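# Analysis of the macromolecular model
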Amino acid sequence: MTSMRWKRQAIVPVKDVSRNRIMLHILNWLERSFNQYKQKLELQDIADHAGVSAYYLERQFKQATSETPRSYLEKIRIDKAAHLLKNTDQTNLEICYEVGFQTPSNFYKVFRRLRNCSPSEYRALIREEKQH
């Protein structure tokens, strides 16, 4: 694991959640609790934390963020992975598990979908930029 601090920047446009206390609480909890996501995290786990049903949570979350909780969490994980690829020498596999993906194939698939390149290509691009 790395001791380097990482602060995720807002990557999901959040509509006005200030009037929705549950959503504000959930979004803050997800941001603060990122390291817990190394384990498998189910929608029901988040719903239990918020004290609401999974159905209600998913509906409210999507209404507030235009994202499902799963896609929001994937974006957090890929953002953290990109940071680690840029700032550490950890292998792609180590990063995959550190950011909470259960399988390398899912990590590569989601990374490519969100960043339009593989983790290795991303690291090579970043290193190339640093040299110039």
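Only a predicted model underlies this, so the values are computations on that prediction, with no experimental measurement involved. (Residues numbered from 1 in each chain as written. Predicted model: local features only at pLDDT ≥ 70, side-chain atom pairs only at ≥ 80, totals over all residues. Heavy atoms only, no water.)

### Details of the overall build of the protein chain
Rule in force here: Think of it this way: any DSSP run of H or I at least four residues long counts as a helix, any run of E at least two long counts as a strand, and we number them from the N terminus. We call a residue buried when its accessible area falls under 20% of the maximum for its residue type, exposed when it is over 50%, and partly exposed in between, using a 1.4 Å probe and counting protein chains only. Working rule for contacts: check all heavy atoms of both residues, and any pair within 4.5 Å makes them a contact. Using a 1.4 Å probe, the Shrake-Rupley method yields the accessible areas, and only the shown protein chains count as cover for residues.
When helices and strands are counted, the protein chain shows seven helices and zero strands. Across the protein chain, helices and strands are ordered from the amino to the carboxyl terminus as α-α-α-α-α-α-α. The 132 residues of the protein chain split such that 43% are buried. For the protein chain, contacts bridging at least 24 residues in sequence account for 61% of all contacts bridging at least 6. For the protein chain, the exposed area adds up to about 8,200 Å²; of that, 48% sits on carbon and sulfur atoms.

### A word on unusual backbone geometry
Here S66, not a glycine, exhibits a phi torsion of approximately 60°, which is positive. Structurally, the position occupied by S66 is in the loop between α3 (54-65) and α4 (69-87). Taking the relative accessible area as the measure of exposure, S66 reaches 45% and is therefore partly exposed. A positive phi angle is found at N116, which is not glycine, with a value near 60°. With respect to the helices, strands and loops of the structure, N116 is situated in the loop between α6 (104-115) and α7 (119-131).

### A few points about α7
Keep this limit in mind: To estimate how far a helix should reach, multiply one less than its number of residues by 1.5 Å. What the arc describes is the spread of directions from the helix axis to the C-beta atoms.
Taking 1.5 Å of rise per residue, 13 residues should cover 18 Å, and α7 covers 19 Å from first to last C-alpha, within 8% of that figure. Turning to α7, its buried residues are P119, Y122, R123 and I126. Burial along α7 is one-sided: seen end-on, the buried residues are contained in an arc of 95°. Packed against the buried residues of α7 are α4, α5 (92-98) and α6.

### Here we look at the pattern of salt bridges
Definition in use: The term salt bridge refers to a side-chain nitrogen of Lys or Arg lying within 4 Å of a carboxyl oxygen of Asp or Glu.
Taken as a whole, this structure holds six salt bridges when the rule is applied. Here R70 ties to E74 by a salt bridge, and the two come within 3.7 Å at their closest N and O atoms. With R70 and E74 both in helix α4, this residue pair falls four residues apart, about one helical turn. When its relative accessible area of 8% is taken as the criterion, E74 is described as buried.

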